[in-house]
Amino acid sequence: MNRQTAPKRLTKKEKQFCRHYAAGGNAREAAVRAGYPLFPERTGNALLEREEIRAMVAELQRRRALEDRLARIRAGYERLAFGSIADAVRLLLSDGVSPAALEEMDLFSVSEIKRPREGAREIKFFNRLEALDRLRECDRLPGKAASPFYRALEQGAQALGNALGCTGEEDA
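Visitor: When you look at the pattern of salt bridges in this model, what are you seeing that I'm missing?
Guide: Between side chains of opposite charge, a pair can form when the charged atoms approach closely. Within this structure, the stated rule accounts for 13 salt bridges. The partner of arginine 79 in a salt bridge is aspartate 106, and the shortest N-O contact between them spans 2.8 Å. Here the residue arginine 79 occupies a position in helix α4 (residues 51-82), and aspartate 106 occupies one in the loop between α6 (99-104) and β1 (110-114), the gap between them amounting to 27 residues. One network of salt bridges, in which partners are shared, links Glu14, Arg50 and Glu52.

So this is what it looks like as structure tokens:
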């Protein structure tokens, strides 16, 4: 008889294993850290053969990748909003800059450099106020004021977590 069974609810140790494996990618180490001291390599590999374990690990890795990407985006906006423009001003005021010196300059906030006519220079910067607005949007992402796209992502992750028997919070 071939019948489908509902996914098995994960124990606290299994959830811990998933978290440690998603973070480090080492089944033996994850098993030891989750509290499986006997035959941890065998236990870790056996856990990874289970579909619900693999699904939770994949979800945790997806969440981590999203968080990392958002952190990099946030860091870029912070640099645009609060970064120094000293090197750009130095470039504007200098008579000539060597390629080596140019490589050392922080021109992250510069959006455009022009030489419209002989001797003239024009430097445009990214909009700092827009970067601040984007930072504010980033700060609202985890909360209820997040965009519909991020709300849908959160709801999908929560539904998967519920199906796998995890609450989304750290189990002690």
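Picking up after the structure, the text goes on.
Visitor: Where do I start with helix α3 (residues 40-48) in this structure?
Guide: Since the α-helix advances by 3.6 residues per turn, residues separated by three or four positions end up pointing in the same direction. Along α3, the residues that are buried comprise Pro40, Gly44, Leu47 and Leu48. When α3 is viewed along its axis, its buried side chains cluster within an angular range of 100 degrees and face the same direction. Elements that come into contact with the buried residues of α3 comprise α1 (12-24), α2 (27-34) and α4.

Visitor: What's the story with the nonpolar core in this structure? I'm lost.
Guide: Most often, soluble globular proteins keep nonpolar side chains buried together rather than apart. Counting 16 residues, the largest nonpolar core has Phe17, Cys18, Tyr21, Tyr36, Leu48, Ile53 and Val57 as the members making the most contacts within it. Counting residues per element, the ones that place at least two in this core are α1, α2, α3 and α4. If we ignore the near neighbours within four places in the chain, the residues touching leucine 48 are Phe17, Tyr21, Ala27, Ile53 and Arg54. Counting residues in hydrophobic clusters, the runner-up holds 5 residues, among them Ala88, Met105, Val110 and Ile123.

Visitor: Even after reading the chapter, I still don't get the environment of glycine 83, so can you show me in this structure?
Guide: Looking at where glycine 83 falls in the secondary structure, it is placed in the loop between α4 and α5 (86-93). Residues glycine 83 and serine 109, 26 residues apart in the sequence, show an inter-C-alpha distance of 7.1 Å. Residues in contact with glycine 83, not counting those within four places in the same chain, are Glu78 and Arg128.

Visitor: How should the environment of alanine 46 be read in this particular structure?
Guide: Tracing the sequence through the fold places alanine 46 in helix α3. On the basis of relative accessible area, alanine 46 is assigned to the partly exposed category, the value being 41%. Residues alanine 46 and alanine 27 lie 19 residues apart in sequence; the distance between their C-alpha atoms is 9.4 Å.

Visitor: I would appreciate a short explanation of the environment of phenylalanine 39 in the present structure.
Guide: On the secondary structure map, phenylalanine 39 appears in the loop between α2 and α3. Spatially, the C-alpha atom of phenylalanine 39 lies 8.5 Å from that of arginine 28, the residues being 11 residues apart in sequence.

Visitor: Please clarify how the packing of aromatic side chains should be interpreted in this entry.
Guide: Each pair of aromatic rings is reported with the distance of its centres and the angle of its planes. If you walk through the whole model with that rule in mind, you get 1 aromatic pair. A cation sits over an aromatic face here: arginine 42 above phenylalanine 39, 4.7 Å from the ring centre. If you follow arginine 79 out to its NZ or CZ, it ends over the ring of phenylalanine 108, 4.0 Å from the centre.

Visitor: Quick question: what am I supposed to make of helix α7 (residues 128-140) here?
Guide: A rise of 1.5 Å per residue sets the reference length of α7, with its 13 residues, at 18 Å; its end C-alpha atoms lie 19 Å apart and thus fit the reference within 8%. Among the residues of α7, those classed as buried are Ala131, Leu135 and Cys138. Take α7 and look down its axis: the buried residues cluster within an arc of 55 degrees, on one side only. N-capping of α7 is provided by asparagine 127, with a side-chain oxygen placed 2.9 Å from the backbone N of leucine 129.

Rules used throughout
- Positions within a chain are numbered from 1, following the residues in the order the chain's sequence is written.
- Since the coordinates come from a predicted model, pLDDT governs what is reported: local features require at least 70, and pairs of side-chain atoms require 80 or more to be given and counted, while whole-chain, interface and lining totals use all residues.
- As a rule here, side-chain values cover all heavy atoms of the structure and leave hydrogens and water aside.
- The term salt bridge refers to a pairing of a side-chain nitrogen on Lys or Arg with a carboxyl oxygen on Asp or Glu at a separation within 4 Å.
- Helix and strand definitions follow DSSP, with helices as H or I runs of at least four residues and strands as E runs of at least two, each counted in order from the N terminus.
- Burial classes: relative accessible area under 20% of the type maximum marks a residue as buried, over 50% as exposed, and values in between as partly exposed (1.4 Å probe, protein chains only).
- Note that the arc is computed from the directions linking the helix axis to the C-beta atoms.
- Should any heavy atoms of two residues lie within 4.5 Å, those residues are considered in contact.
- For the purposes of this section, nonpolar cores are sets of buried Ala, Val, Leu, Ile, Met, Phe, Trp, Tyr and Cys residues that join through side-chain atoms within 4.5 Å.
- Centres within 6.5 Å make a pair out of two Phe, Tyr or Trp rings, where for Trp the six-membered ring is used; the pair is then stacked when the planes are under 30 degrees apart, edge-to-face when over 60, and tilted otherwise.
- In this scheme, the term charge over a ring applies when either NZ of a lysine or CZ of an arginine sits within 6 Å of the ring centre and within 35 degrees of the ring normal.
- A helix's residues, less one, multiplied by 1.5 Å, set its expected span.
- Contacts described as polar in this section are N or O atom pairs within 3.5 Å, which, within protein, must combine one atom able to donate a hydrogen with one able to accept it, while residues neighboring in sequence count only if both atoms come from side chains.

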